[in-house]
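# Per-entry structural report
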Amino acid sequence: MSGNPDDERIEELRQQKMQELKEQAQEGGDGAGGRADQQAAREQAEAQKQAVLKQNLTDGARQRLNAVQMSKPEVAEQVEQQIVALARSGRIQDRIDEDQMRKLLKELTPDKSFDVRHR
């Protein structure tokens, strides 16, 4: 990752957990194994998404995204997916700061206000 000892330790722990889940899935047989594999895949995808977000968001942007997550989880999920897609396509040159996060949230949040004209 970025060479940070904490990041390396987190990645090491993730790998250990993934190995444990794979071993449990193999021991569990067919019925439980399929569910364990699906759960492991979901956990791995979530871990990868969080790693990409951590790498591409400043602390302020992460705090703003967490605040949105508490009030509007569906919007936060949409923003997270957008950021991950941008990062994977190489369209993020620098880390996203809080102002850029506000703009992104504004773009992805539908405007619920409307004008009412009385005759």
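Residues numbered from 1 in each chain as written. Predicted model: local features only at pLDDT ≥ 70, side-chain atom pairs only at ≥ 80, totals over all residues. Heavy atoms only, no water.

## Regarding the overall build of the protein
Applied cut-off: Runs of E in the DSSP output that reach at least two residues are strands. Runs of H or I that reach at least four are helices, and both are numbered from the N terminus. Between buried and exposed lies partly exposed: a residue is buried under 20% and exposed over 50% of the maximum accessible area for its type, with that area taken using a 1.4 Å probe on protein chains only. Contacts are assigned to residue pairs with any non-hydrogen atoms lying within 4.5 Å of each other. Each accessible area is a Shrake-Rupley estimate made with a 1.4 Å probe; only the visible protein chains count as cover when residues are assessed.
In terms of helices and strands, the protein carries 5 helices and 0 strands. Ordered by position from N to C terminus, the α and β elements of the protein give α-α-α-α-α. In the protein, which comprises 119 residues, the share counted as buried stands at 24%. The contacts of the protein with a sequence gap of at least 6 include a subset with a gap of at least 24, amounting to 66%. Surface accessibility of the protein: about 9200 Å² in total, with carbon and sulfur atoms responsible for 46%.

## Side note on the environment of M18
Secondary-structure assignment places M18 in helix α1 (residues 5-27). The buried category is assigned to M18, whose relative accessible area is 12%. Along the chain, M18 and A40 lie 22 residues apart, while their C-alpha atoms are 6.7 Å from each other. Filtering out sequence-adjacent residues up to four positions away, M18 remains in contact with A40 and Q44.

## Focus: the confidence of the model for the protein
Counted only if it meets this: Every residue gets a pLDDT, meaning the predictor's confidence in that residue, from 0 to 100.
Looking at the protein, pLDDT values average 83 and 85% of them are 70 or higher. Per-element confidence in the protein ranges from a low mean pLDDT of 78 for α1 to a high of 93 for helix α3 (residues 59-71).

## Focus on the side chain of E80
For E80, the location among the structural elements is in helix α4 (residues 73-88). Taking the relative accessible area as the measure of exposure, E80 reaches 8% and is therefore buried. Apart from residues no more than four positions distant in its own chain, E80 is found in contact with K49, Q50, L53, L65 and Q69.

## Topic: the nonpolar core
Test applied: Remark: nonpolar core denotes a set of buried residues (Ala, Val, Leu, Ile, Met, Phe, Trp, Tyr, Cys) joined through side-chain atoms within 4.5 Å.
L57, L65, V79, I83, I96, M101 and L105 are the most contacted members of the largest nonpolar core, which totals 17 residues. At the level of elements, α2 (29-56), α3, α4 and α5 (98-108) are the ones that each hand at least two residues to this core. It is α4 that contributes the most residues to this core, 6 residues altogether. With residues near it in sequence (within four places) discarded, L57 still touches R62, L65, I83, R95, I96 and M101.

## Some remarks on the side chain of K49
How we decide: Polar contact is defined as a pair of N or O atoms within 3.5 Å, subject to the rule that within protein one atom must be able to donate a hydrogen and the other to accept it, and that residues adjacent in sequence are counted only when both atoms are side-chain atoms.
Mapped onto the secondary structure, K49 falls in helix α2. Side chain to side chain, K49 and E80 meet in a polar contact 2.9 Å long. Once residues lying within four places of it in the same chain are set aside, the contact partners of K49 are E77, E80 and V84.

## Thoughts on the pattern of salt bridges
Applicable threshold: For this analysis, a salt bridge means a side-chain nitrogen from Lys or Arg found within 4 Å of a carboxyl oxygen belonging to Asp or Glu.
All chains considered together, the criterion is met by 7 salt bridges. Residue K49 pairs with E46 through a salt bridge whose shortest N-O separation is 3.3 Å. Here E46 and K49 lie together in helix α2, a separation of 3 residues that amounts to about one turn. Between K49 and E77 there is a salt bridge, with its nearest N and O atoms 3.2 Å apart.

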